[in-house]
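Structure at a glance
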Amino acid sequence: MRERDWTKILGWPGYRVYQHEINEKAKTLKLWVRRKSSNQKLVCSGCGQRAPRIHEIYEREIRDLPCFEFQTTVVIELYRVDCPDCGVKAEKIEALPSNAPFSQRFEDAVGQACESAPVRRVARQFALPESTVRALDLRYLERWAKRRRKPALWQMGVDEIYLGKSQKFLTVVSNLQSGEPLWFGWERKKETLDRFFETELSARQRKRIEAACVDMHEPFRLSLEQWVPRCSLIYDKFHIMQHANEAVSEVRRAEFFRKGGAARELIKGKHWLLLTRWVNLTSGKKQMLQQLLGLNRRLMKAYLLKESLDRLWNYRYPGAMMRYLLQWMDQLRWQRLQPMEKLADMLVKHLNGILNYCTNKIPLGVVEAIDGNIKAILRRGRGYRDMHYSCSRHNDWPLPRPNSPPSRKPLKMPTSSLSCGGPQIDLR
Ligand SMILES: [Zn+2]
């Protein structure tokens, strides 16, 4: 085969093959390439400007896509240029994205393989160490992230994820409209969220944020008030219902210890039953729950209260929502359900943030979905040491992926919904 044919097969624009070597035993193919005489434009890698003079010529050996069964390496002739601004610099070449000995299309192939397979498998497929595969994948994702247009941030979600005893908490900031996590940070302090606002957003981007959906965690509120004072805080259903479930569990625990004997046996191991919503239970499970609730009036009351709190988010007007909440709290009276009373106290304290939901409709499912997805991905990866990598990996799954441009158009919010909505009623 002639060198010209190899040039066609290699398909590097502006370069031609001038020598090749095939090792049949080791199944390797090695190609030597240099610039075509028509391709004389030299670009400085420091400033990206055209460089007039060549300083010296050197060679780099780079791994490229395999050719049939042959593992292919390309020895490329490169120039160091004399740049008037930067001095002596290597020339910039599109096909070679980094100092690592891989071509861009090879890195892309590895990155794409990582999308649907674990790193270990990809490493075996390309005969590379796992750490190299991870580095290639990260570069691939970074290139992808740089290229794509990021959806504007109008509605942000701030969430904390409990990782376990040693790592404690992870703070996740996400874009609620596009459904993608934007940033991960260790711990859940005010400083954690401060760091996001400081490093990730410009003053103009911060001004754009209209609503933030947060857990009822005080440090987050303080940080938001400092950095985005005009944005309205929303305590969403998902987080509040988590607290309600905890209250029901507490009632169950208290009853569990109070009762003895057969009742204790019956109540044992029924934790999940109380946390599942009535509509999601099968008829058999409903019967089981009824039996359980029939035994204990307090537990039944707590369960019913939790179930009815759910309806609070069906209301569209702050006044109606408020009225429903007051009715709900009326039912608490004389019940001596301390955990539920604590919950009610908390709701009153964070009343504005709850009523804000009426004026700023945030997609409730997204908050929950992001939370679940991150937990799933951390489980799947058995934890990540590098949170930057984890965030990049997460971004391509399950919503936008590198291969398909993000298709979701962010919904434009009416600007009239900026102010803190809802009547300011003192309940004390
Ligand atoms: Zn330069």
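Computed from a predicted structure; not experimentally measured.

On to the pattern of salt bridges, then. In this structure the tally under the stated criterion is 23 salt bridges. Arg-80 is the partner of Glu-56 in a salt bridge, and the nearest nitrogen-oxygen pair spans 2.7 Å. Taken as a pair, Glu-56 in strand β3 (residues 53–63) and Arg-80 in strand β4 (residues 71–83) lie far apart in primary sequence, 24 residues in all. Overall, the relative accessible area of 35% leaves Glu-56 in the partly exposed class. Between Lys-306 and Glu-307 there is a salt bridge, with the nearest N and O atoms lying 3.7 Å from each other. Like Lys-306, the residue Glu-307 is buried in the burial classification. Residues joined by salt bridges that share partners form a network here, namely Glu-107, Asp-108, Arg-139 and Arg-143.

Another aspect to go through is the coordination of the zinc ion. Taken together, Cys-44 (SG), Cys-47 (SG), Cys-83 (SG) and Cys-86 (SG) make up the protein donors of the zinc ion, found 2.2 to 2.3 Å from the metal. Angles of 106 to 112° at the metal separate the four donor atoms of the zinc ion, which places the site in the tetrahedral class. Written as a sequence motif, the donor arrangement for the zinc ion is C-x2-C-x35-C-x2-C. Of this pair, Cys-44 sits in the loop between β2 (28–35) and β3 while Cys-83 is found in strand β4, placing the two residues 39 residues apart along the sequence. Since its relative accessible area comes to 0%, Cys-44 is described here as buried. Residue classification places Cys-83 among the buried positions, given a relative accessible area of 7%.

Conventions we followed
- Sequence positions are assigned chain by chain, starting from 1 and proceeding in written order.
- A pLDDT threshold of at least 70 governs which residues receive local features in this predicted model, and a stricter bar of 80 or more applies before side-chain atom pairs are shown or counted, although totals over entire chains, interfaces and linings include all residues.
- Heavy atoms from the whole structure form the basis of all side-chain values; hydrogens and water molecules are not counted.
- A pairing counts as a salt bridge when a side-chain nitrogen of Lys or Arg comes within 4 Å of a carboxyl oxygen of Asp or Glu.
- Only DSSP runs of H or I with at least four residues qualify as helices, and only runs of E with at least two residues qualify as strands; both kinds are numbered from the N terminus onward.
- Only protein chains enter the calculation, and the probe is 1.4 Å; a residue is then buried if its accessible area is under 20% of its type maximum, exposed if over 50%, and partly exposed in between.
- Shown as donors are all N, O and S atoms within 2.8 Å of a metal ion, widened to 3.2 Å for Na, K and Ca; because water is not in the atom set, sites may appear incomplete.
- Square planar and octahedral assignments, for four and six donors respectively, both demand that opposite donors be over 155 degrees apart and that all other angles lie between 65 and 115; tetrahedral needs four donors with all angles between 85 and 135 degrees, and anything else is irregular.

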